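Take a look at the letters that make up each chain.
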Amino acid sequence: MDPTTAIIVIVVVIVLGLITGRKRVRKGAAAAPNIAGGAATVMNSAALAALREKDPGFSEAILCEKLGNVYVRMQESWERKEFDPMRPYLTDGLFNQLRNQLDEFIRNGTTNRVDNICVLSVVLTNFVSTPELDILTARLRTRITDYVVRDDTGEIVSGSDAQDLFMEYEWTVVRKAGVLTRVQTDETEAKTCPQCGAPLDLNYSSKCDYCGNVVTSSEFDWVVSAIRGISKQTVNR
């Protein structure tokens, strides 16, 4: 199985330009090529106007930064084989699909290594609203070194640690209809479990520590529901 496909190409499912997390770009790494599939366009102006009318506090920059951070955290959690911290940022369906794929690596005694993580750009492209959900799409362009090794020997069994992989994705993010962006003064407002009323920390986990209820994070904010791979290009370093 292609290692990148194993991470986020299920349905396929899962910013600002310089977010690299703890893994920084190696000196002299290849520049981003012109990826087949086309550069992302800006969001449809009418769609953006409709979103801002519904939610005056919405910020494109803040959401793009969040999506870039989610991408980096996802890669790091995947490599560590500790995927539970990603639950607040994904829908239940996407989380479970990725968790099942990660379990396959664990059963096989392999690890998907990801180095040189870099989000090159995030651009919002469309917005629609249904009675149940607000739905946004975004185009992400990323660079990563992606390969699979055996846990016992360290032998590379798939991919290469000497190549940069440039990927372009379309992400779909959703939230419950009627939810509004929290302005800065409200960000410290406590969130509570709808089942037992206990305080929740959705930056850490969407599972209530008191009653065990799994809270859907889209009740409070945007979460990733699907990722579609658009293009891929491999560049030797």
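Rules and cut-offs
- Residues numbered from 1 in each chain as written.
- Predicted model: local features only at pLDDT ≥ 70, side-chain atom pairs only at ≥ 80, totals over all residues.
- Heavy atoms only, no water.
- Helix = DSSP H or I, 4+ residues; strand = E, 2+ residues; numbered from the N terminus.
- Contact = heavy atoms within 4.5 Å.
- Core = buried A, V, L, I, M, F, W, Y, C linked by side-chain atoms within 4.5 Å.
- Buried < 20%, exposed > 50% of the residue type's maximum accessible area, 1.4 Å probe, protein only.
- Expected span 1.5 Å × (residues − 1).
- Arc of directions from axis to C-beta.
- Salt bridge = Lys/Arg side-chain N within 4 Å of Asp/Glu carboxyl O.
- Phe/Tyr/Trp six-rings, centres within 6.5 Å; stacked < 30°, edge-to-face > 60°.

Right, let's get into the environment of Leu180. The residue Leu180 is located in the loop between strand S4 (163–176) and strand S5 (191–192) in this model. Note: C-alpha distance between Leu180 and Pro56 (124 residues apart in sequence) is 8.2 Å. With residues near it in sequence (within four places) discarded, Leu180 still touches Lys54, Asp55 and Arg175.

Here we take up the nonpolar core. Proteins that are soluble and globular tend to have nonpolar side chains buried together. By size, the foremost hydrophobic cluster in this structure holds 41 residues, and its most contacted members are Leu67, Tyr71, Phe83, Leu90, Leu136, Trp171 and Val224. Of all the elements in the fold, those that place two or more residues in this core are helix H2 (45–54), helix H3 (60–80), helix H4 (92–108), strand S1 (110–129), strand S2 (133–150), S4 and strand S7 (223–236). At eight residues, the largest contribution of residues to this core is made by H3. If near-sequence neighbours (up to four positions away) are discounted, Phe83 is found in contact with Met74, Ser77, Trp78, Leu90, Phe95, Leu98, Arg99 and Leu102.

So, about H4. With 17 residues, H4 should cover 24 Å at 1.5 Å per step; its first-to-last C-alpha distance of 24 Å lies within 8% of that length. Those residues of H4 lying buried are Leu94, Phe95, Leu98, Arg99, Gln101, Leu102 and Phe105. For H4, the angular spread of buried residues about the axis comes to 165°, placing them on one side.

With that settled, consider unusual backbone geometry. Backbone phi values are negative for most residues with the exception of glycine, while trans is the configuration of most peptide bonds. In this structure, Lys81 is a non-glycine residue whose phi angle is positive, near 60°. Here Lys81 is to be found in the loop between H3 and H4. Phi angles above zero are rare outside glycine, and Asn116 is one such case at about 55°. Position of Asn116 relative to the elements: it lies in strand S1. Owing to a relative accessible area of 3%, Asn116 belongs among the buried residues under this scheme.

Going through the model one piece at a time under the given rule, you end up with 14 salt bridges. A salt bridge links Asp164 to Arg237; the shortest N-O distance between them is 3.0 Å. Of this pair, Asp164 sits in strand S4 while Arg237 is found in the segment after S7, placing the two residues 73 residues apart along the sequence. With a relative accessible area of 0%, Asp164 lands in the buried category.

So, about the packing of aromatic side chains. Counted under the stated rule, the structure contains four aromatic pairs. Between Trp78 and Phe83, the ring centres sit 5.9 Å apart and the planes meet at 85°, which makes this aromatic pair edge-to-face. As far as burial versus exposure is concerned, Trp78 and Phe83 are alike and both buried. Summarising the aromatic geometry, the rings of Trp78 and Phe105 are spaced 5.8 Å apart at their centres and angled 80° between planes, so their arrangement reads as edge-to-face. Placement of Trp78 in helix H3 and of Phe105 in helix H4 is noted, with a sequence separation of 27 residues between them. Judged on exposure class, the residue Trp78 and its partner Phe105 are both buried.

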